[in-house]
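Observations on the model geometry
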Amino acid sequence: MCRGGLKLSLVLVLALSACSGDDKKKVNSPCQSNTDCADSICHLGVCAASQPAPLGQKCAGPGECRSFRCETEICREGKGTLGADCLYDEECESQRCVAGKCAPKEYDARVDSGRRDGGASDGPRGDGAGPCPAPKSLKSDITAATTLDGCYLVEASVDVSAELTIAPGSMLLFKKATFLTITSSGTLKAVGTAAKPILFTGEQKVRGHWGGVVIANSTAANELQHVTIEYGGSSSISYGQKANLALTTSSSTTTVNASITSCTLRESAGYGFFLSDRATVPSFASNTITLNTLGAGYVGDDSAGLLDKSSSFKGNTVDMVWVAATSLGKSRTWPAIDVRYVVSGTLDINQTPGVTLTIEAGATLAFQAGAGIEVSGEGALTAKGTASAPVTFTQASAASKWNGLTFRNANSTENILDHVVIEHGGAAAPGYGFKANVNLAVSSSTSAVRLTLTNSTLKGSEGYGIYLCRKATLPAFSGNTITQNTLGAALVQADAAGQLDKTTSFKGNTVDMVWVDAISYGLTKTQTWPALDVQYVVDGVLGVSQAPGIRLTLEAGAKLAFRINSGIQIGTDGGLIAKGTAAAPITFTRASTADAWRGLNFHNSNTTDNQLDYAVVEGAGSSAYSYGDKANIAVTSSSSTYPSRLTLTNSTVRDSLGYGVWVWKTGNLTESGNTYSANASGNVYYKP
């Protein structure tokens, strides 16, 4: 037998193991018989692992792989030709190992000379018992403790209400549309070995020939190990989906329990497995779920965290694990399995106080149309990827427009998105939010919402990349890329704008801007707006006087563009500090040629902090503020007891529909080094 890469691997194994003096040799060591090896499996002259890794997992030698082929430290597809020795299906090009030999893909389990995943014997039990042309009949319910040892034909659906033990190496052949159901009073112990696995299969090798194994009780004694279940999924079950293996119950107060390790679930007409939200799986590891029609698995949102990344979920007609999202009832970690999670519905993270959903680095969540995640109250979402293994939130298909991630009244410090990709959301606006990949919203003025967002990409939204309400807190916001979004990079209420960061890129959107909502609320806290790589577009008159001593500082190079009749009004106790440079002036302009704006109004604001230095103020004067006239800049007072003050230096004031600067008679304007041009009513006017 010639197998690519095997000779080289064996030479390396022999060289590395030549000096071993152990009585029982380790995996990948040379051997002559099973007794030489610590795990009692000698295959092709090499000690093999009792729980070998599926395809795609890391390895140091062939004995660690189900395919018995390790190249570049990864378990690769087997190359065994027909008739070659084998332990597992993955070892064969045909993906069929029968009685220890690679067999054709299609075979009849009732008349072949053994079982798949066979070992080197000639019998279905791996003990030399011979072929299985006349299996024992099983067609009655099991009501007393029973052990099945050998080959059985299940001729009718069987309900188990006692302890059922399946001996290693046994085979159960199921007639059309039959099920094996472990009821609430039953127990299933199907514990095979690597050399003697257990097989549940269809009488005919057709996907959906029989129903599958259904476990509906809560005992921790249910165990499946080294079991292959295939050709099930004939029909859906009550409280579940069609699958080879289903853990489900009709009760909302009891759980259903089983350990599933080193098992193979394949060739289902539905899913490989179904786990309801009532499922508890003490161990789910080193399984192979492949060649299933609808996908690897169907799980409730509470059950997705029971899976593990040592299992392989690849090679199905649709490579995914389907998550039926409702409300997360307990804190879970969703591992980075080798296929994506496809989420249907809105996953609500606030069913129980303090519930946190953690997503492992490298995981991908794909959402159906109208689906999304909503974090509220005491719930939290933590997704920490890495530069090489980001966490991805995306659409399930090009036609699946999903809603995005919403944080509403969610003030947990565990709300963290780092090295994540969030794309193609924004299909619909959530309550109190807007169409965006990420929404931070509140439902009342007494609520708060919090998110740390770093090193992440927000792209392809139907709306904005992100929405921030005025009560949003961003403990960290840096190193992000917000691009390719239809309505713009961000929509923020004015109080949240100062939390943005110029290490983030906001470019490459259909409209390159950060939209600032100044209609609903003014500033309530002192802040600095950084010089982003796009302009702020201000909608409404931004009030800078909502609390004593508030200051708005604009960084050199910042650009503010104003919608029609919008502007900034600095009131009593408020202040505006805009200090640009000759190379990086601060610009106040109109959002478009059709958007004449009102201008800057310093009203009853007598602080010396009011400064415009190296600024450009243009295209304003659409209408006058109270106690003033149309102008780019108005320094006004409501009475002589409330004077206003402004220092204007090295700036350009132009293209006003009224005056360049209008000053009330008690106003105090200090100006020098300025340039005025094309102001319709004049450059500087002092009201007498």
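Presented here is a report on the structure given in the accompanying data block. (Residues numbered from 1 in each chain as written. Predicted model: local features only at pLDDT ≥ 70, side-chain atom pairs only at ≥ 80, totals over all residues. Heavy atoms only, no water.)

Concerning the state of the cysteines
One pass over the structure, following the stated rule, counts 6 disulfides. Here Cys59 pairs with Cys70 through a disulfide, and the sulfurs are 2.1 Å apart. Looking down the S-S bond of the Cys59 and Cys70 bridge, the torsion is 95 degrees, so its handedness is right-handed. On the criterion of sequence distance, the pair formed by Cys59 in the loop between β2 (46-47) and β3 (70-71) and Cys70 in strand β3 is long-range, its members being 11 residues apart. The exposure class of Cys70 is buried, given its relative accessible area of 10%. In this model, Cys65 is linked to Cys75 through a disulfide, with the two sulfur atoms separated by 2.1 Å. (Disulfide = S-S within 2.5 Å. Helix = DSSP H or I, 4+ residues; strand = E, 2+ residues; numbered from the N terminus. Buried < 20%, exposed > 50% of the residue type's maximum accessible area, 1.4 Å probe, protein only.)

Description of the pattern of salt bridges
With the rule as written, the count across this model stands at 16 salt bridges. A salt bridge links Lys502 to Glu555, with the shortest nitrogen-to-oxygen separation between them at 3.3 Å. Of the two residues, Lys502 sits in the loop between β48 (488-493) and β49 (513-517) while Glu555 sits in the loop between β53 (551-554) and β54 (559-562), which places them 53 residues apart along the sequence. Judged by its relative accessible area of 53%, Lys502 is exposed. On the basis of relative accessibility, which here comes to 25%, the residue Glu555 falls in the partly exposed class. One salt-bridge network, in which partners are shared between bridges, spans Asp89, Glu230 and Arg266. (Salt bridge = Lys/Arg side-chain N within 4 Å of Asp/Glu carboxyl O.)

Observations concerning the layout of surface pockets
Computed from the structure, the largest pocket encloses a volume of approximately 420 Å³. In terms of lining, the largest pocket is formed by 21 residues, of which the most central are Leu55, Ser312, Lys314, Gly315 and Asp338. Every element with two or more residues in the lining of the largest pocket is listed here: β22 (264-266) and β26 (288-290). Tallied by class, the residues present in the lining of the largest pocket amount to 5 nonpolar, 8 polar and 8 charged. (1 Å grid on protein atoms, 1.4 Å probe; cavity = no way out; pocket = protein on both sides within 12 Å on 5 of 7 lines; lining within 4 Å. Points joined across faces, edges and corners; volume = space filled by probe spheres on them. Nonpolar A, V, L, I, M, F, W, Y, C, P; charged D, E, K, R; others polar.)

What about empty space enclosed by the protein?
Across all of its chains, the model carries 2 cavities of 30 Å³ or more by this definition. As a volume, the second largest cavity reaches approximately 40 Å³. If you go around the second largest cavity, the residues you meet are His43, Ala48, Ala49, Pro52, Gly63, Cys65, Arg66, Phe68, Leu87, Tyr88 and Glu91. Across the lining of the second largest cavity, the residue classes break down as 7 nonpolar, 2 polar and 2 charged.

Points about the sheet that holds strand β29 (residues 332-334)
Strand order in this open sheet of 6 strands is β29-β32-β35-β38-β42-β46, and the pairing throughout is parallel. One side of each edge strand has no neighbouring strand; the edge strands of this open sheet are β29 and β46 (477-478). Of the pairings in the sheet, the one linking strand β42 (residues 452-454) to β46 comprises 2 bridges and is parallel in character. When the bridges of β46 are listed, Thr454 appears paired with Ser478. (Pairing = 2+ DSSP bridges.)

Details of the sheet that holds strand β64 (residues 659-663)
The strand order β52-β55-β58-β61-β64-β67 describes an open sheet built from 6 strands, whose pairing is parallel. With partners counted over all chains shown, the strands left at the sheet margins are β52 (541-544) and β67 (682-686), one partner each. Along the sheet, successive strands turn relative to each other by an average axial angle of 10 degrees, direction set aside. (Axes fitted to C-alpha atoms, helices over the stretch in contact; angles between N-to-C directions.)

Quick look at the nonpolar core
If you look at the biggest cluster of nonpolar residues, it comprises 145 residues, and the most contacted ones within it are Phe200, Phe393, Phe407 and Phe588. For Phe588, the residues in contact, after removing those within four places along its chain, are Leu554, Leu560, Phe562, Ile568, Ala578, Trp597, Leu600, Leu612, Ala615, Val616, Val617 and Glu618. With 13 residues, the next largest nonpolar core counts Tyr271, Met320, Trp322 and Ala396 among its residues. (Core = buried A, V, L, I, M, F, W, Y, C linked by side-chain atoms within 4.5 Å. Contact = heavy atoms within 4.5 Å.)

Brief notes about the environment of Leu82
Structurally, Leu82 can be placed in the loop between β4 (74-75) and β5 (97-98). Overall, the relative accessible area of 58% leaves Leu82 in the exposed class. Measuring from C-alpha to C-alpha, the distance between Leu82 and Lys101 comes to 7.3 Å, with 19 residues separating the pair along the chain.

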